[in-house]
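A closer look at the structure
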Amino acid sequence: MIKGTPELIAERREAIINACEQLYQTMSFREITLKEIGTVVPFSRPTIYNYFQTKEEIFLALFEREYDRWNVDLEIILNSGTTLDADALADALAGSLARRLQLLKLLSMNNYDMEANSRQELLTSFKTSYGRSMRLVREILKKHRPSMKDEDVDGFLYLFFPFMFGIYPYTAVTEKQRDAMCEAGVDYRYQSVYELTYNCLTRLLGREEKEN
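Residues numbered from 1 in each chain as written. Predicted model: local features only at pLDDT ≥ 70, side-chain atom pairs only at ≥ 80, totals over all residues. Heavy atoms only, no water.

1. Side note on the overall build of the protein
- Secondary structure assignment for the protein yields twelve helices and zero strands.
- In sequence order, the secondary structure elements of the protein are arranged as α-α-α-α-α-α-α-α-α-α-α-α.
- A total of 212 residues make up the protein; the buried ones form 44% of that total.
- Pairs at least 24 apart in sequence give 74% of the contacts found in the protein among residues at least 6 apart.
- On the protein, roughly 11700 Å² of surface is accessible, and the fraction owed to carbon and sulfur atoms is 53%.
- Mean positive and mean negative side-chain charge positions of the protein (27 and 32 charges, respectively) differ by 3 Å. (Helix = DSSP H or I, 4+ residues; strand = E, 2+ residues; numbered from the N terminus. Buried < 20%, exposed > 50% of the residue type's maximum accessible area, 1.4 Å probe, protein only. Contact = heavy atoms within 4.5 Å. Areas by Shrake-Rupley, 256 points an atom, 1.4 Å probe, with all protein chains shown as cover. Lys, Arg positive; Asp, Glu negative; His and termini not counted. Charge placed at Lys NZ, Arg CZ, Asp CG, Glu CD.)

What follows is the structure, given as structure tokens:
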């Protein structure tokens, strides 16, 4: 059992997640270790094990926090005072993801390994935040696109959420990757997170309007 006041426990847990987030700005998932994280937190490395047993658990907690942050944006869209048309809704959702670059970066990782190397209670906590994102998008569609049938909403969710896994690799490209594409003769126009997401959403929502 972790010792300390609830405030201290929450503070130290947040410090560990923050350290992981800081390192993830310049290092890859493979390069980051518990030892590296231990050099950033303001307490001894063994203390980390009181909160997280693996680096995958720390990344999962960071992942959960990113979903929670996106959920705040989704709630704002849901509670918009006016009904949004398809274009305005696509703009709002695309804008919300454009502000969540780290969420998209985490989505592009091997989530199977991350989840497999995390304890059940931490995985359940993560899935709760992820599930809330799906429910919020569902509620957004029900409010702003009331003509959509239940099966249309399901179809939207199971196209858009898998689509999110591929946004980061198509928008965050290194110079090495650009050079390789050029040398390979691949003609590809790179788009921003907003552009790629907006184009996808307008097609999904536009298809719904045509079918109705």
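2. Concerning the layout of surface pockets
- One number sums up the size of the largest pocket: a volume of about 190 Å³.
- Taken together, Phe-63, Tyr-67, Leu-107, Met-109, Asn-111, Tyr-112, Glu-115, Phe-126, Lys-127, Tyr-130 and Phe-165 make up the lining of the largest pocket.
- For the lining of the largest pocket, the secondary structure elements donating two or more residues are helix 4 (55-78), helix 7 (111-116) and helix 8 (120-144).
- Its residues assigned to classes, the lining of the largest pocket shows eight nonpolar, one polar and two charged. (1 Å grid on protein atoms, 1.4 Å probe; cavity = no way out; pocket = protein on both sides within 12 Å on 5 of 7 lines; lining within 4 Å. Points joined across faces, edges and corners; volume = space filled by probe spheres on them. Nonpolar A, V, L, I, M, F, W, Y, C, P; charged D, E, K, R; others polar.)

3. What about the environment of Pro-6?
- Within the secondary structure, Pro-6 sits in helix 1 (residues 6-24).
- Placed twelve residues apart in sequence, Pro-6 and Asn-18 show a C-alpha to C-alpha distance of 18 Å.

4. Concerning the side chain of Ser-129
- Position of Ser-129 relative to the elements: it lies in helix 8.
- Residue class for Ser-129 comes out buried when judged on its relative accessible area of 7%.

5. Comments concerning the nonpolar core
- Counting 63 residues, the largest nonpolar core has Ile-16, Ile-37, Trp-70, Phe-156 and Phe-160 as the members making the most contacts within it.
- It is helix 4 that provides the largest number of residues to this core, a total of eleven residues.
- Among all residues touching Ile-37, those that are not within four sequence positions of it are Ile-16, Ala-19, Cys-20, Leu-23, Ile-32, Ile-48 and Ile-58. (Core = buried A, V, L, I, M, F, W, Y, C linked by side-chain atoms within 4.5 Å.)

6. Quick notes on the packing of aromatic side chains
- Counted by the stated rule, this structure contains twelve aromatic pairs.
- For the ring pair Phe-160 and Phe-161, a centre distance of 6.2 Å and an interplane angle of 85 degrees mean the geometry is edge-to-face. For the residue pair Phe-160 and Phe-161, the accessibility class agrees, reading buried in each case.
- Three or more aromatic residues joined by ring pairs form one cluster here, namely Phe-63, Tyr-67, Trp-70, Phe-126, Tyr-130, Phe-156, Phe-160, Phe-161 and Phe-163.
- Sitting over the ring of Tyr-130, Lys-127 keeps its end group 5.6 Å from the ring centre. (Phe/Tyr/Trp six-rings, centres within 6.5 Å; stacked < 30°, edge-to-face > 60°. Lys NZ or Arg CZ within 6 Å of the ring centre and 35° of its normal.)

7. Quick notes on the packing of helix 1 against helix 4
- With their axes 9 Å apart at the nearest point, helix 1 and helix 4 run at an angle of 90 degrees to one another. Here helix 4 runs roughly perpendicular to helix 1, going by the angle between their axes. Contacts from Arg-13, Glu-14, Ile-16, Ile-17, Asn-18, Cys-20, Glu-21 and Tyr-24 in helix 1 reach Ile-58, Phe-59, Ala-61, Leu-62, Arg-65, Glu-66 and Arg-69 in helix 4.
- For the contact of helix 1 with helix 4, the residue count by class is eight nonpolar, one polar and six charged. (Axes fitted to C-alpha atoms, helices over the stretch in contact; angles between N-to-C directions. Parallel < 35°, antiparallel > 145°, perpendicular 65-115°, else oblique.)

8. A few points about the environment of Arg-100
- If you trace the backbone, Arg-100 turns up in the loop between helix 5 (86-98) and helix 6 (101-107).
- In the structure, Arg-100 is positioned 80 residues away from Ala-180 in sequence and 27 Å away in space, judged by C-alpha atoms.
- What Arg-100 contacts, discounting residues up to four positions off in sequence, is Glu-66, Arg-69, Trp-70 and Asp-73.
- At 3.4 Å, the side chain of Arg-100 forms a polar contact with the side chain of Glu-66. (Polar contact = N/O pair within 3.5 Å; in protein donor to acceptor, adjacent residues only side chain to side chain.)

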